[in-house]
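Listed below, chain by chain, are the residues.
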Amino acid sequence: MSERLLVRDLAQLVTASLGASVPLRGTALRELDVVEDAFVLCEGTTVAAAGSMGELVALGLDGVEEVDGAGLCAIPGLIDCHTHPAFLGDRVEEFALRAGGASYEELHAAGGGILSTVRATRAGSEQELQVAVRRHADWMLRAGTTTFEGKSGYGLDRDTELASLEAVAAAGGCPTWLGAHAVPQEFDDADAYLDFMLADVLPAAAEIAVAADVFVEEGAFSVDQARRYLTACRESGLALRLHADQFNELGAVALAIELGARSVDHLEATGDGGIRALAASDVTAVLLPASALFLDRPMPPARTLADAGAAIALATDFNPGSAFCESLPLVCSLACTQLHLAPAEALAACTVNAAHVLGLADRRGRIGPGQDADLVLLDAPDWQHLAYHLGSDLIAAVIRRGAVAWAR
């Protein structure tokens, strides 16, 4: 196989500018570069050149493998910065109960929810967990995701948490230690559980993970408990993330800003004060509309956040209980129809801004020289069909690190 790959005769090439300051905010969130009749030349795992076909004649093209992009649009590889892929089993019976009227909180209090997936995941082998994560990563790839973050959090013991992080890393994901997801039944209270996690699991988890996360919510962890957990994780070299304001506004946004977290995720219950605080901060708001839809909850205040100048990103929240969805194109559709974002804002939010959340914006999330050669080719005459086609299969091919990773 050639180490040079040329995607030529594209109907459109669309990307946030390499010169733009990240994360994109305000009006910059809508400012994408659109090149008609375009090409992308990849050398090894990076982009060597990109532009209009008229510029291609100046490049030496010996030994190049070609991909015909006629009628296709190229966008940056999609980046899913919030997923929970390390689990076994499913929660389809809970889904049926919830469809019949049971609430997520009621199922969790009855021993279902997160803890039911913990039981199923603990009961499996490390090999089964690795197979499951690879399968889930393949689902994401087919939907155009070339980079994904993957959390632990369905082990809540030493061995399964570490196996979950290893499985995410082995599948090519960015591992996040969600050791503070819920309190397992063998512990009497959250503080005792955190004592165990920080003493017995954090040292090994910090060798594998790149970030740590905590679920701040009634029935999970308080702001004070989250501060203790995250402070210890930061001292171990991990970037910080928070599940915040999913059901109740408890002060997690202020904590994220206090600790300099990379992101706060969910925000369905965030009020005006939290929006203003985020807009004035360096913390990115990661919005998860598929989760709100799946649970029939209010949508996060994306339009207000964006208009206030907050940095926003989009992700699927892929997990077996509250968002069994691996499709960022579907999330983009929801962002436009339910969160009232423009297609350009939605694309930037799940490419360059999502890359920023993962600390990868210097080389992923945009198309241009020196960037990782991650592209999605859409079978559409205009790139905005990514969000316009609700749930449609528009992905013609996925190029990851300069090679065709999936094609129809």
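Structure shown above.
Small disclaimer: the values here were computed from a predicted structure and weren't measured.

Focus on the environment of A348
Moving on, step 1. Within the fold, A348 resides in helix α13 (residues 343-349).
Moving on, step 2. Through-space distance from the C-alpha of A348 to that of A16 is 6.8 Å; in sequence the pair is 332 residues apart.
Moving on, step 3. Those residues within four positions of A348 in sequence are excluded, and the remaining contacts are L24, L29, N353 and A354.

Quick word on the sheet that holds strand β8 (residues 174-180)
Moving on, step 1. With parallel pairing, the 8 strands of this open sheet are ordered in space as β6-β7-β8-β9-β10-β11-β12-β13. Of all strands in the sheet, those bounded by a partner on one side alone are β6 (78-80) and β13 (312-314). For this sheet, the mean inter-axis angle between neighbouring strands, taken without regard to orientation, is 25 degrees.
Moving on, step 2. Note that strand β7 (residues 145-151) and β8 share 3 bridges and pair parallel. If you follow G150 over to β8, its bridge partner there is P175.
Moving on, step 3. Most of the contacts of helix α5 (residues 158-170) go to β8, to which it runs at about 160 degrees, and overall it touches β7 and β8.
Moving on, step 4. Set on the sheet, helix α12 (residues 328-337) makes contact with β6, β7 and β13; between it and β6 the angle comes to about 85 degrees.

Regarding the packing of helix α7 (residues 223-235) against helix α8 (residues 252-259)
Moving on, step 1. Across the interface, α7 lies against α8 with an axial gap of 11 Å and an inter-helix angle of 25 degrees. What the angle tells us is that α7 and α8 run roughly parallel. The handedness of the crossing between α7 and α8 comes out as right-handed. In contact with V223, A226, R227, L230, T231 and R234 of α7, α8 contributes A252, L255, E258 and L259.
Moving on, step 2. Within the contact of α7 with α8, the residues separate by chemical class into 6 nonpolar, 1 polar and 3 charged.

Considering the packing of aromatic side chains
Moving on, step 1. Per the counting criterion, the structure on display carries 10 aromatic pairs.
Moving on, step 2. Ring centres of F87 and F318 lie 5.8 Å apart, and the angle between their planes is 40 degrees; on these two criteria the pair is classed as tilted. Taken as a pair, F87 in the loop between β6 and α1 (92-99) and F318 in the loop between β13 and α12 lie far apart in primary sequence, 231 residues in all. By the burial criterion, F87 is buried, and F318 matches it.
Moving on, step 3. For the pair F318 and F324, a centre-to-centre distance of 5.7 Å together with 20 degrees between the ring planes defines the contact as stacked.
Moving on, step 4. Each residue in the set F87, W139, Y154, F318 and F324 is aromatic and connected to the rest through ring pairs, giving one cluster.

So, the environment of L129
Moving on, step 1. Among the secondary structure elements, L129 is positioned in helix α4 (residues 126-142).
Moving on, step 2. In sequence terms L129 and A163 are 34 residues apart; their C-alpha atoms lie 7.7 Å from each other.
Moving on, step 3. When sequence neighbours within four positions are dropped, the list of residues in contact with L129 reads A86, F87, L88, T121, T160, A163, S164 and A167.

Description of α7
Residue pairs three or four apart in sequence face the same way in an α-helix, which turns once every 3.6 residues.
Moving on, step 1. In a regular helix each residue adds 1.5 Å, so 13 residues correspond to 18 Å; α7 covers 18 Å between its end C-alpha atoms and thus fits that length.
Moving on, step 2. Within α7 the residues assigned to the buried category are V223, Q225, A226, Y229, L230, A232 and C233.
Moving on, step 3. Considering only its buried residues, α7 is in contact with β8, α6 (190-205), β9 (211-214), β10 (239-244) and α8.
Moving on, step 4. Just downstream of α7 lies G237, where phi reads positive at about 95 degrees.

Comments concerning the state of the cysteines
Moving on, step 1. Under the counting rule described, the total for this entry stands at 0 disulfides.
Moving on, step 2. The thiol of C81 is unpaired, and the distance to the nearest cysteine sulfur, on C350, comes to 9.1 Å.

Side note on the nonpolar core
Soluble, globular proteins show a tendency: their nonpolar side chains are buried together.
Moving on, step 1. The biggest cluster of nonpolar side chains holds 109 residues, and the ones touching the most others in it are W177, Y229 and L242.
Moving on, step 2. Residue contributions to this core peak at 8 residues, all from α6.
Moving on, step 3. Apart from the residues lying within four places of it in its own chain, the contact partners of L242 are D213, V214, V216, L230, A252, L255, A256, A261, S263, V264 and D265.
Moving on, step 4. Within the second largest apolar cluster, 18 residues are counted, among which are L13, V40, V47 and I367.

Cut-offs and rules
- Residues numbered from 1 in each chain as written.
- Predicted model: local features only at pLDDT ≥ 70, side-chain atom pairs only at ≥ 80, totals over all residues.
- Heavy atoms only, no water.
- Helix = DSSP H or I, 4+ residues; strand = E, 2+ residues; numbered from the N terminus.
- Contact = heavy atoms within 4.5 Å.
- Pairing = 2+ DSSP bridges.
- Axes fitted to C-alpha atoms, helices over the stretch in contact; angles between N-to-C directions.
- Parallel < 35°, antiparallel > 145°, perpendicular 65-115°, else oblique.
- Left-handed = near helix turned anticlockwise from the far one by under 90°.
- Nonpolar A, V, L, I, M, F, W, Y, C, P; charged D, E, K, R; others polar.
- Phe/Tyr/Trp six-rings, centres within 6.5 Å; stacked < 30°, edge-to-face > 60°.
- Buried < 20%, exposed > 50% of the residue type's maximum accessible area, 1.4 Å probe, protein only.
- Expected span 1.5 Å × (residues − 1).
- Disulfide = S-S within 2.5 Å.
- Core = buried A, V, L, I, M, F, W, Y, C linked by side-chain atoms within 4.5 Å.

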